[in-house]
Amino acid sequence: MASKANDSVLILGGGLMGLAIAHQLARKKIKVEVLSHNRNEAAGFVAAGMLAPHAEGLDGNLLKIGQLSLEQIPQWVNTIEADSGIRCDLRTCGIVVPFKNESDRDSYLTAQFGVALNRSELEQEIPGIARHWKAGLLFKQDGQIDNRRRLMRALENACVGLGVNFQEGVKVLELLENNNTFQGVRIQNAEGELKTLKGMKAVLCNGAWGAELLKELPIFPVKGQMLSIQGPREALKRVLFGPGTYLVPREDGLIVVGGTSEKEAGFTKGLTPAGQKKLQDGIMSLLPSASFWPPMERWWGFRPCTPDESPMLGKSRLEGLWLAVGHYRNGVLLAAITAKILSKCISKDSLNFEEKMLLKDFQWNRFQPANEQNKSTLIP
Ligand SMILES: Cc1cc2nc3c(=O)[nH]c(=O)nc-3n(C[C@H](O)[C@H](O)[C@H](O)COP(=O)(O)OP(=O)(O)OC[C@H]3O[C@@H](n4cnc5c(N)ncnc54)[C@H](O)[C@@H]3O)c2cc1C
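Note that the coordinates shown come from a computational prediction; the quantities given were computed from them, not determined experimentally.

Undergrad: Would you mind showing me how to read the sheet that holds strand β11 (residues 194-198) here?
TA: What links the strands of a sheet is backbone hydrogen bonding, and the strands pair in either a parallel or an antiparallel sense. One open sheet accounts for 3 strands, arranged β9-β10-β11; its pairing is antiparallel. Edge positions in the open sheet fall to β9 (171-178) and β11, since each of these has one partner strand only. The mean angle between the axes of side-by-side strands here comes to 25°, regardless of whether they run parallel or antiparallel. As paired elements, β9 and strand β10 (residues 181-188) share 7 bridges and run antiparallel to each other. When the sheet's bridge partners are listed, asparagine 178 is paired in β10 with threonine 181.

Spelled out as structure tokens, the structure:
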């Protein structure tokens, strides 16, 4: 099949990062084409939607970027809602982390950002919490968004409205390069045809599958199984973030329960009895009454993990190819800042000092020996 020149920015992977970046680029009137292998496998549709840099106990650079993104989320969501006409159910509902004793609570990495709760205060925040939880931290600034039913759909809608071109069912098979410069991609479309798509600029944002296209990227999948239960409306007003299990109450009383963390599963698809039992046991250990609420849905997906559990952002080894991969368990939280920085890089808008530092902190080659790192330019 003859190849055709393409002056659009190619978005390689139409999951959360791909949609968020496409949206920002389209708002800057840049032509964008999204190549999406399988919309339904995107972790963006799997996640619980917690916005939780403090409750997750992040630290160092990851905490810093998480806090910055959290600040930017309300404005980011406003633009998505305005462009799509779809509400995303962003709620700063606060997240409670329970502990077995006060000393565990006080030594939690992000304890300084939370309100310390004793047992009776914990019960007030989470009525019915199991008796073995004796203390808690309330992070009022953390929250949630309904990524699964709302945010992803709103982004798709906003992108199409702004003229983004979508190709669903297209697998990028190979990146084409010459002299360390990105030249385009080999693809297979939904009808099975093989094609070459020439292009000068692209963003690699294919999540857990990143290393299939750029083998030097140390990305691997960490499978997560989820379920949802239907509780009485407002049975839980805050997210409850226990060790290994969390309960995320949506506005309509649906409670998203997550998530197993299965490194050894690789890309093995499907639910397992052991995984689902782990979630059920987790509910019992956090909020026993919720064990009787009916399950509504069960699903799974793959978190894109890296050795330091942080994303790779900015330039790649290839001129013209940008990276937005490896957001692991914080991609919903980090989508706002990722989209902002990547769209600025590509449109050549000037980056502020903080943004330049983030690109340095999250460069892809930080995992390589120092002498190898010098071979690529780090900051645009
Ligand atoms: C169980 C679970 C719970 C989570 N909970 C939270 C949470 O509460 N809060 C939070 O902040 N984050 C959470 N996350 C993490 C978050 O979902 C991810 O970090 C984020 O979705 C990653 O976005 P992405 O665009 O990189 O990848 P994805 O959303 O997975 O999208 C990647 C897309 O690329 C496509 N693709 C792959 N290969 C190719 C190819 N060769 N050609 C074309 N397309 C390709 C795939 O089909 C897929 O659609 C959770 C994740 C999981 C799995």
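From this point on, the discussion continues.
Undergrad: Sorry, what's going on with the nonpolar core here?
TA: Soluble globular proteins tend to bury their nonpolar side chains together. One finds Ile11, Leu16, Ile21, Ile65, Trp76, Leu151 and Val203 to be the most contacted residues of the largest nonpolar core, which totals 54 residues. Broken down by secondary-structure element, the contributors of at least two residues to this core are β1 (9-12), α1 (16-27), β2 (32-36), α2 (60-84), α5 (147-161), β19 (321-325), α8 (331-347) and α9 (353-361). It is α8 that provides the largest number of residues to this core, a total of 11 residues. Leaving out residues up to four positions away in the same chain, valine 203 has contacts with Val9, Leu10, Ile11, Leu12, Ile21, Leu321, Trp322, Ala324, Leu342 and Ile346. Within the second largest apolar cluster, 22 residues are counted, among which are Leu12, Leu175, Leu323 and Val325.

Undergrad: Just checking my understanding: could you explain the packing of α2 against α8 for this structure?
TA: A pair of packed helices can be characterised by two numbers: the angle between their axes and the separation between those axes. As a packed pair, α2 and α8 sit with axes 7 Å apart at the nearest point and diverge in direction by 85°. Between α2 and α8, the angle is such that the two are roughly perpendicular. Taking contact as the criterion, the partners of Leu62, Ile65, Gly66, Leu68, Ser69, Leu70, Gln72, Ile73 and Trp76 in α2 are, on α8, Leu333, Leu334, Ala335, Ala336, Ile337, Ala339 and Lys340. Among the residues making up the contact of α2 with α8, the classes are represented as 12 nonpolar, 3 polar and 1 charged.

Undergrad: Explain the sheet that holds strand β4 (residues 95-99) here, please?
TA: One open sheet accounts for 8 strands, arranged β5-β6-β4-β14-β15-β16-β13-β17; its pairing is mixed. Each having just a single partner strand, β5 (115-117) and β17 (295-305) make up the two edges of the open sheet. Strand-to-strand, the axes of this sheet are offset by a mean angle of 25°, without reference to chain direction. Strand direction decides the pairing type here: strand β15 (residues 246-249) and strand β16 (residues 254-258), joined by 4 bridges, are antiparallel. Paired with valine 248 across the two strands is valine 256, which belongs to β16. Along the sheet, helix α7 (residues 273-286) contacts β4, β13 (220-230), β14 (239-241), β15, β16 and β17; its crossing angle with β13, the most-contacted strand, is approximately 55°.

Undergrad: What is the right way to read the packing of α2 against α9 from this model?
TA: At a minimum axis distance of 11 Å, the contact between α2 and α9 shows a crossing angle of 140°. In terms of orientation, α2 lies oblique with respect to α9. For the pair α2 and α9, the crossing hand works out as left-handed. Across the interface between the two elements, Asn61, Lys64, Ile65 and Leu68 of α2 pack against Glu354, Leu358 and Asp361 of α9. A per-class count over the contact of α2 with α9 returns 3 nonpolar, 1 polar and 3 charged.

Calculation criteria
- All chains use their own residue numbering, which begins from 1 and follows the written sequence.
- Predicted model: local features are reported for residues with pLDDT of at least 70 only, side-chain atom pairs are reported and counted for 80 or more only, and whole-chain, interface and lining totals are derived from all residues.
- The basis for every side-chain value is the complete set of non-hydrogen atoms in the structure, without hydrogens or water.
- At least two DSSP bridges between two strands are needed for those strands to be called paired.
- We count a stretch as a helix when DSSP gives it H or I for four or more residues in a row; a strand needs E for two or more, and each element gets its number in order from the N terminus.
- Lines fitted to the C-alpha atoms define the axes, with helices restricted to the stretch that makes contact. Angles between their N-to-C directions range from 0 to 180 degrees.
- Buried Ala, Val, Leu, Ile, Met, Phe, Trp, Tyr and Cys residues that are joined via side-chain atoms within 4.5 Å together make up what is termed a nonpolar core.
- Each residue is placed in one exposure class: buried if its accessible area under a 1.4 Å probe, protein chains only, is under 20% of its type's maximum, exposed if it is over 50%, and partly exposed if it falls in between.
- When checking whether two residues touch, look at their non-hydrogen atoms; a contact exists if any pair is within 4.5 Å.
- Here is the rule for angles: anything less than 35 degrees is roughly parallel, anything more than 145 is roughly antiparallel, 65 through 115 is roughly perpendicular, and the remaining ranges are oblique.
- Under the scheme applied, nonpolar residues are Ala, Val, Leu, Ile, Met, Phe, Trp, Tyr, Cys and Pro; charged residues are Asp, Glu, Lys and Arg; polar residues are all the others, including Gly.
- Put simply, a crossing is left-handed when the front helix is turned counterclockwise from the back one by less than a right angle, and right-handed when it is turned clockwise.

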